[in-house]
Amino acid sequence: PPPPPPEEKKKKKKPLVAADRVTPFDRWLGLDKDLEAELNDGVDQDVTYVDPSDASNYVSLSLVKPMGIAFVENEGGCGGVFVDEVLDSGSAASASPVLARGDQLVAVGSTLVLGWEFDATLDAIKASDDSATKLVLFRGPTSFLYGPTKASEEWYQENLL
């Protein structure tokens, strides 16, 4: 029987180097490029920074109940809720400024609800006795609102509430 055909030479993948152990030799071989590419996987490079300490990145509006807003709890353990949908029935449908999907609820009246659990946040909305309930929302990703660049409670009290 004839010998099996020679297989094409398979390109072996070089092992990745730990970020804290990259040497000049690793850089010369290009191993640090693979590490950098792996570390940047899943990072959206197109996201524009939205400063949570800039009041212009927040919207404030007063709505009568029923508001007609479908809130959803944020994922990732940071807590808090965001606008998932503005329903046709309710005062939010004709509100100005217009609510957008992804707006993060920050305050209800003068109560800061940033990072609260879903049920506690809705209880704060239900507990509002005013004829119109004031909502303050952040227009930006949770990574800025809850991350290392988050604004302090004092900043919210002085600037938004």
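It should be noted that the structure appears before, not after, this text.
This is a predicted model, so every value here is computed, not measured. (Residues numbered from 1 in each chain as written. Predicted model: local features only at pLDDT ≥ 70, side-chain atom pairs only at ≥ 80, totals over all residues. Heavy atoms only, no water.)

Undergrad: Tell me what's going on with the packing of aromatic side chains, and back it up with residues and numbers.
TA: Here the structure, examined in full by the defined rule, presents five aromatic pairs. With 5.7 Å between their ring centres and 40° between their planes, Tyr58 and Trp155 make a pair best called tilted. In this pair, Tyr58 is assigned in strand β1 (residues 58-63) and Trp155 in helix α5 (residues 153-159), connecting sequence segments 97 residues apart. We note that Tyr58, like Trp155, is buried. Here Trp155 and Tyr156 contribute two aromatic rings whose centre-to-centre distance is 5.3 Å and whose plane-to-plane angle is 80°, an arrangement assigned as edge-to-face. Exposure class is identical for Trp155 and Tyr156. Each is buried. (Phe/Tyr/Trp six-rings, centres within 6.5 Å; stacked < 30°, edge-to-face > 60°. Helix = DSSP H or I, 4+ residues; strand = E, 2+ residues; numbered from the N terminus. Buried < 20%, exposed > 50% of the residue type's maximum accessible area, 1.4 Å probe, protein only.)

Undergrad: Explain the pattern of salt bridges to me, and be specific about the residues and the numbers.
TA: What the rule picks out here adds up to two salt bridges. Of the charged contacts in the structure, one is a salt bridge between Arg101 and Asp84, with a shortest N-O distance of 2.7 Å. Here the residue Arg101 occupies a position in the loop between β3 (81-86) and β4 (104-108), and Asp84 occupies one in strand β3, the gap between them amounting to 17 residues. When its relative accessible area of 63% is taken as the criterion, Arg101 is described as exposed. The class for Asp84 is partly exposed, based on a relative accessible area of 25%. Residue Asp103 pairs with Arg139 through a salt bridge whose shortest N-O separation is 2.9 Å. You can see Asp103 sitting in the loop between β3 and β4 and its partner Arg139 sitting in the loop between β6 (133-138) and α4 (142-145), a full 36 residues away along the chain. (Salt bridge = Lys/Arg side-chain N within 4 Å of Asp/Glu carboxyl O.)

Undergrad: So what about a nonpolar patch on the surface? Which residues, and what values?
TA: Among the surface-exposed residues, Phe25, Trp28 and Leu29 lie close enough to one another that they form a single nonpolar patch of about 390 Å² accessible area. Of note, Leu29 is situated in helix α1 (residues 24-29). The exposure class of Leu29 is partly exposed, given its relative accessible area of 37%. (Patch = residues over 30% accessible without salt bridge, like charges linked within 9 Å, V, L, I, M, F, W, Y side chains within 5 Å. Areas by Shrake-Rupley, 256 points an atom, 1.4 Å probe, with all protein chains shown as cover.)

Undergrad: Which residues make up the environment of Leu61, and what are the values?
TA: Residue placement: Leu61 occurs in strand β1. Separated by 73 residues in the primary sequence, Leu61 and Lys134 have C-alpha atoms spaced 5.6 Å apart. When near neighbours in sequence (up to four residues on either side) are disregarded, Leu61 contacts Ala95, Ser96, Pro97, Leu99, Thr133, Lys134, Leu135 and Leu137. (Contact = heavy atoms within 4.5 Å.)

Undergrad: Can you lay out the nonpolar core for me, pointing to particular residues and giving the numbers?
TA: If you look at the biggest cluster of nonpolar residues, it comprises 18 residues, and the most contacted ones within it are Leu63, Ile69, Phe71, Leu105, Val108, Leu135 and Leu137. Among the secondary structure elements, those contributing two or more residues to this core are β1, β2 (69-73), β3, β4, α3 (118-127) and β6. Broken down by element, the residue count for this core peaks at three residues, all from β1. Not counting the four nearest positions on each side in its chain, Val108 is found in contact with Val113, Ala124, Ile125, Thr133, Lys134 and Leu135. Counting residues in each nonpolar core, the second largest holds 15 residues, with Tyr58, Phe144, Tyr156 and Leu160 among its members. (Core = buried A, V, L, I, M, F, W, Y, C linked by side-chain atoms within 4.5 Å.)

Undergrad: Explain the side chain of Asp103 to me, and be specific about the residues and the numbers.
TA: Overall, the relative accessible area of 3% leaves Asp103 in the buried class. A distance of 3.0 Å separates the side chain of Asp103 from the backbone nitrogen of Ala100, its partner in a polar contact. Of note is the side chain of Asp103, whose polar atom sits 2.9 Å from the side chain of Arg139. Excluding anything up to four places from it in sequence, Asp103 contacts Val59, Val81, Phe82, Val83, Leu137, Phe138 and Arg139. (Polar contact = N/O pair within 3.5 Å; in protein donor to acceptor, adjacent residues only side chain to side chain.)

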